[in-house]
Amino acid sequence: QVQLVESGGGLVQPGGSLRLSCEGSGRSFSNDAMGWFRQVSGKDREFVAAINFSGGTSTYAPSVRGRFTISRDNTKNTLYLQMNNLKPEDTAVYYCNADTLISTVIGGKTAEYWGQGTQVTVSS
């Protein structure tokens, strides 16, 4: 089965840090752009960050730029999101996805890879 599994979420105080992981299985994702999204109950999924197939190009939502860093290790078939200076408004379930290009990842149309996500809660 081809899937992406998110992990690394948890409860953290404002200003704290977390690193999320997204491990692919079933096939290699090394030829795909990948990205992170987040969703609060009752709201649409929101784009957070994306990275191209090689890791040489990345893009971020304005709300997280300067605080979050997306990276990948294609030898491990794994995507990461380093989240620093977390704010309460970062609280959400975080999901990863993959598609051909950064632009198509951001579009969020590849529904088959949405998993359970990992919960990030930022609260004092």
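Residues numbered from 1 in each chain as written. Predicted model: local features only at pLDDT ≥ 70, side-chain atom pairs only at ≥ 80, totals over all residues. Heavy atoms only, no water.

## A look at the overall build of the protein
Here is step 1: Of the regular secondary structure elements, the protein holds one helix and ten strands.
Here is step 2: Listing each helix as α and each strand as β along the protein from the N terminus yields β-β-β-β-β-β-β-β-β-α-β.
Here is step 3: The C-alpha radius of gyration computed for the protein amounts to 13 Å, which stays within 12% of the reference 14 Å derived for 124 residues, consistent with globular compactness.
Here is step 4: The buried share of the protein, reckoned over its 124 residues, is 44%.
Here is step 5: Within the protein, counting contacts between residues at least 6 apart in sequence, those at least 24 apart form 58% of the total.
Here is step 6: With the model as given, the accessible surface of the protein reaches about 6300 Å², and the carbon-plus-sulfur share is 46%.
Here is step 7: For the protein, the centre of its 11 positive side-chain charges and the centre of its 10 negative side-chain charges are spaced 5 Å apart. (Helix = DSSP H or I, 4+ residues; strand = E, 2+ residues; numbered from the N terminus. Rg over C-alpha atoms; globule rule 2.2 N^0.38 Å. Buried < 20%, exposed > 50% of the residue type's maximum accessible area, 1.4 Å probe, protein only. Contact = heavy atoms within 4.5 Å. Areas by Shrake-Rupley, 256 points an atom, 1.4 Å probe, with all protein chains shown as cover. Lys, Arg positive; Asp, Glu negative; His and termini not counted. Charge placed at Lys NZ, Arg CZ, Asp CG, Glu CD.)

## Remarks on the nonpolar core
Generally speaking, nonpolar side chains in soluble globular proteins are found buried as a group.
Here is step 1: Counting residues in hydrophobic clusters, the biggest one holds 36 residues, and the most contacted among them are Trp 36, Leu 81, Met 83 and Tyr 94.
Here is step 2: Mapped onto this core, the elements with two or more residues apiece are β3 (18–25), β4 (33–39), β5 (46–51), β7 (68–73), β8 (78–83), β9 (92–99), α1 (102–107) and β10 (118–122).
Here is step 3: When residues in this core are grouped by element, the largest group, six residues, is from β9.
Here is step 4: Beyond its immediate sequence surroundings of up to four residues, Leu 81 is in contact with Leu 18, Arg 19, Leu 20, Trp 36, Val 48, Ala 49, Phe 68, Thr 69, Ile 70 and Tyr 94. (Core = buried A, V, L, I, M, F, W, Y, C linked by side-chain atoms within 4.5 Å.)

## Some remarks on the sheet that holds strand β1 (residues 3–7)
Here is step 1: Strand order across the open sheet formed by four strands is β1-β3-β8-β7, with antiparallel pairing between neighbours. Of all the strands in the sheet, just β1 and β7 have a single pairing partner and so form its edges. Taking each pair of neighbouring strands and ignoring which way they run, the sheet shows an average axis angle of 15°.
Here is step 2: Of the strand pairs in this sheet, β7 and β8 are connected by six bridges, and their pairing is antiparallel. Paired with Ile 70 across the strands is Leu 81, a residue of β8. (Pairing = 2+ DSSP bridges. Axes fitted to C-alpha atoms, helices over the stretch in contact; angles between N-to-C directions.)

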